[in-house]
Amino acid sequence: MIESLPRREREVFETLCRLEHGTAATVRHALSDPISDSAVRTLLSRLEAKGWVSREPGTDGFVYRPAPRTDSVAKGALQRMIDTFFAGSAASAATALLGMADRLSPEEAKALEQAIDRARTMEGR
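Residues numbered from 1 in each chain as written. Predicted model: local features only at pLDDT ≥ 70, side-chain atom pairs only at ≥ 80, totals over all residues. Heavy atoms only, no water.

### With respect to the pattern of salt bridges
Inspection of every chain in the model, using the stated rule, returns ten salt bridges. Asp37 is paired through a salt bridge with Arg41; the nearest N and O atoms lie 2.9 Å apart. Taken together, the residues span about one helical turn, with Asp37 and Arg41 both in helix H3 (residues 37-49) at a distance of four residues. Take Asp37: its relative accessible area is 28%, and that puts it in the partly exposed class. Classification of Arg41 by relative accessible area gives partly exposed; the value is 41%. (Salt bridge = Lys/Arg side-chain N within 4 Å of Asp/Glu carboxyl O. Helix = DSSP H or I, 4+ residues; strand = E, 2+ residues; numbered from the N terminus. Buried < 20%, exposed > 50% of the residue type's maximum accessible area, 1.4 Å probe, protein only.)

### Some points on a nonpolar patch on the surface
On the surface, a nonpolar cluster with roughly 220 Å² of combined accessible area is contributed by Leu98, Leu104 and Leu112. Assignment of secondary structure puts Leu112 in helix H6 (residues 106-123). For Leu112, a relative accessible area of 34% corresponds to the partly exposed category. (Patch = residues over 30% accessible without salt bridge, like charges linked within 9 Å, V, L, I, M, F, W, Y side chains within 5 Å. Areas by Shrake-Rupley, 256 points an atom, 1.4 Å probe, with all protein chains shown as cover.)

### Some points on the side chain of Thr15
Inspection of the secondary structure puts Thr15 in helix H1 (residues 7-19). If near-sequence neighbours (up to four positions away) are discounted, Thr15 is found in contact with Val27, Ala30 and Leu31. (Contact = heavy atoms within 4.5 Å.)

### Examining the side chain of Arg8
Its place among the elements puts Arg8 in helix H1. Only 2.8 Å separates the side chain of Arg8 from the side chain of Glu11, close enough to count as a polar contact. Among residues more than four places away in sequence, those in contact with Arg8 are Asp33, Ile35 and Leu43. (Polar contact = N/O pair within 3.5 Å; in protein donor to acceptor, adjacent residues only side chain to side chain.)

### Quick look at the packing of aromatic side chains
Scanning all chains against the criterion turns up one aromatic pair. Ring centres 5.0 Å apart and planes at 75° place the aromatic pair Phe13 and Trp52 in the edge-to-face group. Remark: Trp52 occurs in the loop between H3 and strand S1 (53-58) and Phe13 occurs in helix H1; sequence separation between them is 39 residues. Of the two residues, Phe13 and Trp52, both sit in the buried class. (Phe/Tyr/Trp six-rings, centres within 6.5 Å; stacked < 30°, edge-to-face > 60°.)

Laid out in structure tokens, this is it:
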């Protein structure tokens, strides 16, 4: 679980997930509170040793990628947000998110309608 990572490691990992891949310098510049290049490299090495990050040689140095599937990490982060700010209510979180959108595309509206229909079907079981 990502919650088990120390704060700075988690921040570096989440930044790398947003970027999808990048060098230590790319990750460093994308951090909200940048730290030294050597600190970022150290944290990426620790994450690699723990199996959270993989790396491969690139033209500008090593390119790092999140090792776990990003969607599973995102789902866990979203669940923590729902638990923390919406008392575990996915409906309250969805309502808040929809309130932030000016407009939904027809595709987005259809996807939401399908998700609601699936949830209703599961409710009846």
